[in-house]
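# Fold and geometry: a report
If you want the building blocks of each chain, they are given just below.
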Amino acid sequence: MNTSNPLLDFSGLPRFDLFRPEHVTPAIEQLIAEATEVVNKLEAPSSDVTWDNFVIPLEEATERLGRAWGIVNHLNHVADTPELRAVYNENQPKITEFFTILGQNEALFDKYKAIRAGAEYANLTPARKRIVENALRDFRLGGAELPEDKKERFAAIQEQHAAISTRFSENVLDATNDYKYVVENEADLAGIPDDAKAAARAAAEAEGKAGWQFTLHFPSYFPVLQFASNRALRETIYRASATKASDAGIVFSELEKWDNTSNIAQLLRLRDEEAKLLDYRNFAEVSLVPKMAESPDHVISFLEDLARRARPFAENDLAELRAFAKDELGIEDMHAWDVAYASEKLREKRYAFSAQEVKEYFPEPKVIEGLFKVVQSLFSVQIKLDEAPVWHPDVRFYRIERDGQLVGQFYFDLYARAGKGQGAWMDDARGRRMTTGGILQTPVAYLTCNFTPPATVDGKLQPSLFTHDEVTTLFHEFGHGLHHMLTEVEELSVSGISGVEWDAVELPSQFMENFCWEWDVLQGMTAHVKTGEPLPRALYDKMLAAKNFQSGMQTLRQVEFSLIDMHLHYDFDPNSQQTVQQLIDDVRQKFSVMIPPSFNRFQHSFGHIFAGGYAAGYYSYKWAEVLSADAYAAFEEAVEAGGGEISAETGRRFQREILAMGGSRPALESFKAFRGREPSIDALLRHNGMNA
Ligand SMILES: [Zn+2]
């Protein structure tokens with residue numbers, strides 16, 4: 001093995017100190033060649049297929065490739081350079097090709113079937129049984145069981161589907177980029193914040209135009225809808241946004257070239273055909289096979305129940321907003337383009353506090369200390385600063401120990417900087433497993449955020465100040481990290497978040513967010529940057545009240561999207577006369593409190609389900625919220641029983657039944673083992689201020 005290439009050194013943590021872009025291609029080529037050689041050997045017919053002689057060598061060969069590529073992928077997201085991007089783009093197709101071919105390899109599929117049918121199976125651990133079952137399921141859903149002629153059609157469907165999905169998002173992007181609306185008179189911009197105005201001015205200037213230019217990019221158009229007191233301007237921008245990439249053609253007739261109508265129809269037809277090839281009645285059934293929800297009917301009744309419970313609150317939200325718009329803003333007949341504007345004014349009036357004011361109570365060191373304290377108390381672990389090679393001087397590295405034993409490690413890369421991708425996420429650097437040599441490989445996580453770095457104020461370095469949203473994001477990502485690091489499973493494919501159903505994967509992350517709303521926790525993790533005072537109770541009460549502002553309307557909106565998605569893939573016949581728009585109108589008639597105007601074509605830019613992985617899966621957001629809220633309610637019950645929110649007993653149980661188990665058993669079983677019953681929707685309603 002070429003040990004001078006740091007990407008080929010698997011003895012410990014990634015060697016970020018030695019990494020250079022020129023290491024990528026030789027390492028990836030060598031690892032693909034090695035993995036291919038292993039696969040070729042394993043393909044050979046054999047009468048004796050066992051866990052040890054088949055699954056283990058296959059996992060080890062692909063793990064090395066996955067880990068090396070994981071480092072490249074991570075650096076590409078957090079430390080992008082032209083050189084790195086070039087080698088990333090050069091090698092990415094090779095990785096995709098390797099794993100795609102692997103997923104359709106019939107010889108390997110047969111070996112898994114042999115293990116399933118063999119005498120050894122009964123004696124495998126539950127985690128190993130689950131790995132075999134998952135592999136068989138994925139091969140089947142990938143079309144590996146189809147007869148030759150159907151297999152060809154299946155592959156053609158995949159190809160067409162990928163191409164049309166790409167066209168769908170390109171149309172959205174092109175329509176977004178193409179739209180430009182110039183406002184010539186500054187008086188027409190009344191109410192819009194200075195930073196949004198300055199951006200619009202700069203956009204116009206860049207194209208040598210006078211005035212202020214607005215586009216359909218969110219940071220450009222949303223401040224108009226939210227703040228512009230000019231109603232006609234709001235309507236113009238709303239119409240443009242709501243008809244984007246559609247047939248509605250209200251704004252520009254030439255936008256028709258980006259019309260997604262036929263792409264939507266074709267995608268739905270291809271999915272329907274794929275489902276029938278695989279012997280399912282519809283695509284929703286296929287989508288749910290690897291998920292926690294049992295059936296489309298199960299999902300629909302969950303969503304309809306949520307809609308029924310949220311409806312009175314949504315009606316109330318809307319009535320309040322209408323009254324406020326009429327009495328205080330002089331808007332007699334509220335339209336879709338008035339909603340964000342009126343809501344913002346109502347919010348300001350009711351909960352007068354600024355995000356800036358809150359921020360001063362959340363200096364970074366205090367927040368991190370508070371986060372660690374919660375985690376240490378809940379899960380009986382210790383978090384300590386550790387050392388490892390990193391990719392940027394701002395990155396910190398920590399270890400988690402229990403009773404002096406190493407449990408896991410993580411990188412904290414918290415600040416925004418050039419060359420780093422947007423948003424916040426958790427990624428795994430290494431998964432937990434017992435190696436064949438009997439050595440335990442502990443898990444390692446990357447935790448990446450994009451917060452404001454510390455700044456020098458009046459000649460003094462001031463710590464980074466987090467908004468409450470950022471604090472919540474930090475807790476959320478740390479929840480994913482805990483799922484990865486506190487696992488006790490020894491099989492890589494189902495340890496930590498690996499193998500967890502994706503409608504359940506947000507449980508630990510959303511669960512952790514709850515602590516950011518606990519008064520007792522907040523007091524310990526706030527200290528005003530100037531006075532050192534903890535967060536005042538009055539400010540906390542306002543934050544809490546604002547948290548549930550219009551939660552009824554927001555819940556119904558999410559339910560509406562989820563139901564549209566589910567019905568389109570379940571009881572909608574894409575080959576019939578019924579149109580997508582008719583189905584959408586129908587769902588809205590039944591469930592929405594405020595029906596959007598007839599020209600609204602939000603589905604034409606609904607990338608989640610037409611260009612992302614969320615087809616018949618959009619419900620997952622609300623589904624996981626039910627699980628996380630209900631799990632958190634166990635901690636609230638511990639308080640009622642006389643303890644604190646940070647109940648170590650409940651925390652240990654949460655760890656044992658949910659975090660430790662990872663993907664080694666169905667999420668529903670883990671949940672029931674923790675709660676002693678099926679999930680209930682009550683806690684989510686209560687947390688959203690919608691108690692019956
Ligand atoms: Zn998440």
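Each remark here, short or long, concerns the structure printed above.
What this report covers is the structure whose coordinates are included nearby. (Residues numbered from 1 in each chain as written. Predicted model: local features only at pLDDT ≥ 70, side-chain atom pairs only at ≥ 80, totals over all residues. Heavy atoms only, no water.)

The tally for this structure, following the rule as stated, stands at 50 aromatic pairs. Here the aromatic rings of phenylalanine 16 and tyrosine 446 are separated by 6.3 Å at their centres, their planes lie at 65°, and the arrangement is edge-to-face. Note that phenylalanine 16 is positioned in the segment before helix H1 (24-43) and tyrosine 446 in strand E9 (residues 444-451), a separation of 430 residues in sequence. Accessibility assignment for this pair places phenylalanine 16 and tyrosine 446 in one class, buried. A centroid spacing of 4.7 Å and a plane angle of 50° characterise the contact between phenylalanine 451 and phenylalanine 466, whose relative ring orientation is tilted. Here phenylalanine 466 lies in the loop between strand E11 (460-462) and helix H16 (468-485) and phenylalanine 451 lies in strand E9, a separation of 15 residues in the sequence. Exposure remark for phenylalanine 451: the relative accessible area of 4% places this residue in the buried category. Given the relative accessible area of 0%, phenylalanine 466 is considered buried. Through successive ring pairs, a cluster of aromatic residues spans Phe379, Phe511, Phe515, Tyr632, Phe635, Phe654 and Phe674. One residue, arginine 271, lies across the ring of phenylalanine 283, its end atom 5.8 Å from the ring centre. (Phe/Tyr/Trp six-rings, centres within 6.5 Å; stacked < 30°, edge-to-face > 60°. Helix = DSSP H or I, 4+ residues; strand = E, 2+ residues; numbered from the N terminus. Buried < 20%, exposed > 50% of the residue type's maximum accessible area, 1.4 Å probe, protein only. Lys NZ or Arg CZ within 6 Å of the ring centre and 35° of its normal.)

Helix-helix packing is described using two parameters, namely the angle between the two axes and the distance between the axes. Where helix H23 (residues 620-640) contacts helix H25 (residues 667-675), the two axes come as close as 11 Å, and the packing angle between them is 15°. With respect to each other, H23 and H25 are oriented roughly parallel. Seen along the crossing, H23 lies across H25 with a hand that is left-handed. Taking contact as the criterion, the partners of Leu627, Asp630, Ala631, Ala633, Ala634, Phe635 and Glu637 in H23 are, on H25, Phe671, Phe674 and Arg675. Of the residues that constitute the contact of H23 with H25, the class distribution is seven nonpolar, no polar and three charged. (Axes fitted to C-alpha atoms, helices over the stretch in contact; angles between N-to-C directions. Parallel < 35°, antiparallel > 145°, perpendicular 65-115°, else oblique. Left-handed = near helix turned anticlockwise from the far one by under 90°. Contact = heavy atoms within 4.5 Å. Nonpolar A, V, L, I, M, F, W, Y, C, P; charged D, E, K, R; others polar.)

A few words now on the coordination of the zinc ion. Surrounding the zinc ion are the protein donor atoms His476 (NE2), His480 (NE2), Glu506 (OE) and Glu506 (OE), at 2.1 to 2.7 Å. Taken together, the four donor atoms surrounding the zinc ion define angles of 51 to 140° at the centre, an arrangement classified as irregular. Summarised as a motif, the one-chain spacing of the donors to the zinc ion is H-x3-H-x25-E. Here histidine 480 is found in helix H16, whereas its partner glutamate 506 is found in the loop between H16 and helix H17 (507-513), with 26 residues between them in sequence. (Donors = N, O, S within 2.8 Å, 3.2 Å for Na, K, Ca; no water. Tetrahedral: all angles 85-135°; square planar, octahedral: opposite > 155°, others 65-115°.)

Here we take up the pairing of strand E5 (residues 405-415). In terms of residue burial, E5 counts as a mostly covered element, since nine of its 11 residues are buried. In this sheet, E5 lies alongside strand E4 (residues 396-402) in antiparallel orientation, the contact comprising seven bridges. Across the sheet, arginine 396 pairs through a bridge with phenylalanine 412, a residue of E5. A loop of two residues connects E4 with E5, the two strands running antiparallel in sequence, and aspartate 403 in this loop sits at a positive phi of about 50°. Relative to E9, E5 runs parallel, the two being bridged by six bridges. Bridge pairing links glutamine 409 to valine 444 in E9. (Pairing = 2+ DSSP bridges.)

All right, on to the pairing of E4 then. Burial runs high along E4: five of the seven residues are buried. Relative to E4, strand E3 (residues 382-386) runs antiparallel, the two sharing five bridges. What sits directly across from lysine 384, in E4, is arginine 399.

Between the first and last C-alpha of helix H7 (residues 194-206) there are 18 Å, a value that for 13 residues agrees with the 18 Å anticipated at 1.5 Å per step. Among the residues of H7, those classed as buried are Ala196, Lys197, Ala200 and Ala204. Seen along its axis, H7 keeps its buried residues to an arc of 100°; they face one direction. For H7, the exposed residues set more than 90 degrees away from the buried face come down to Asp194, Asp195, Glu205 and Ala206. (Expected span 1.5 Å × (residues − 1). Arc of directions from axis to C-beta.)

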